[in-house]
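Chain by chain, the residues run as shown.
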Amino acid sequence: MTAGFFWILLAFALFGGLHSLMASRTVKIMVQRRFGVSALRYYRAAFTLVAVLTFLPVLVLAARLPDKSIYTIRFPLLMLTLLIEFAGLALAAAGVQQAGALPFLGLDVFFNESGTPAKARLLTAGVYRFIRHPLYTGTLLLLWFTPRMTWNYLAFNLGATAYFIIGAYFEDKKLAEDFGAAYQAYQASTPAFLPRWKSLFK
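Remember, predicted model here, so these are calculated numbers, not experimental data.

1. A closer look at the overall build of the chain
At step 1: For the chain, the helix and strand inventory stands at eight helices and two strands.
At step 2: Listing each helix as α and each strand as β along the chain from the N terminus yields α-α-α-β-α-α-α-β-α-α.
At step 3: Along the first, second and third principal axes, the C-alpha atoms of the chain reach 55 × 45 × 30 Å.
At step 4: Out of the 202 residues in the chain, the part that is buried amounts to 33%.
At step 5: Long-range contacts, defined here as pairs at least 24 residues apart, represent 80% of the contacts in the chain between residues at least 6 apart.
At step 6: Of the side chains in the chain, 19 bear a positive and 8 a negative charge, and the two mean positions are spaced by 4 Å.

Take a look at the structure:
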């Protein structure tokens, strides 16, 4: 284990804390009171920009700190890991595509005549029919099935996994508040990350 392992976990914790704070209703209400309702039009875009900028230090630490290899997967198992990673990438992309890339990034306000964010939709079809958080699942497959694991990468993956689990919890709470009984029924029948085997063949 390297010293960088703990620095990366700490950086991820700080990033996750700030990201979760900005996603909270409390901060949005504070922004609305301070800058007016119109400021909320651009909140998602600002949220995305801040998330990207504050995530860069985590990436730099993972890439630049001294590191040691844990294992390397070689051919022929290498082909299986690459296939799973590709499936994870496809799953995450499908989730974003269904949600709408522009609304997901908060950029839709710049591309419609009204200048207002798209109305939130409850997604239960497509990949959302099988799992509630396809973007998280797809990204985790991409991360954990890397052919080469190092201590820095392990710290990054652990931080990302914890962040996604906590994020999914708060996202479920927010969606239950937004959509009420409809989301609660969906939540009760649809797993968060791993699909039920039988549901894949319905």
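2. Examining the pattern of salt bridges
At step 1: Counted under the stated rule, the structure contains four salt bridges.
At step 2: Here Asp178 ties to Arg25 by a salt bridge, and the two come within 2.6 Å at their closest N and O atoms. Taken together, the residues Asp178 in helix α7 (residues 151-179) and Arg25 in helix α2 (residues 25-35) connect sequence positions 153 residues apart.
At step 3: The network of salt bridges with shared partners includes Arg25, Lys174, Glu177 and Asp178.

3. As for the side chain of Thr146
At step 1: Within the fold, Thr146 resides in the loop between α6 (134-144) and β2 (148-150).
At step 2: Not counting the four nearest positions on each side in its chain, Thr146 is found in contact with Tyr71, Ile73, Glu85 and Tyr153.

Definitions and cut-offs
- Per chain, the residues get numbers from 1 upward, laid out in the order the sequence is written.
- The predicted nature of this model means local features are confined to residues of pLDDT at least 70 and side-chain atom pairs, given and counted, to a pLDDT of 80 or more, with totals for whole chains, interfaces and linings taken over all residues.
- Note that water and hydrogens are dropped before the side-chain values are worked out from all heavy atoms of the structure.
- The helix count covers DSSP runs of H or I at least four residues long, the strand count covers runs of E at least two residues long, and both are numbered beginning at the N terminus.
- Partly exposed residues are those whose accessible area sits between 20% and 50% of the maximum for their type, while under 20% is buried and over 50% is exposed, using a 1.4 Å probe and protein chains only.
- We call two residues contacting when some pair of their heavy atoms lies within 4.5 Å.
- When charges are tallied, Lys and Arg are placed among the positive residues and Asp and Glu among the negative ones, while His and the ends of the chain are skipped.
- One atom stands in for each charge, and that atom is NZ of Lys, CZ of Arg, CG of Asp or CD of Glu.
- Salt bridges, as used here, are contacts in which a Lys or Arg side-chain nitrogen is within 4 Å of a carboxyl oxygen on Asp or Glu.

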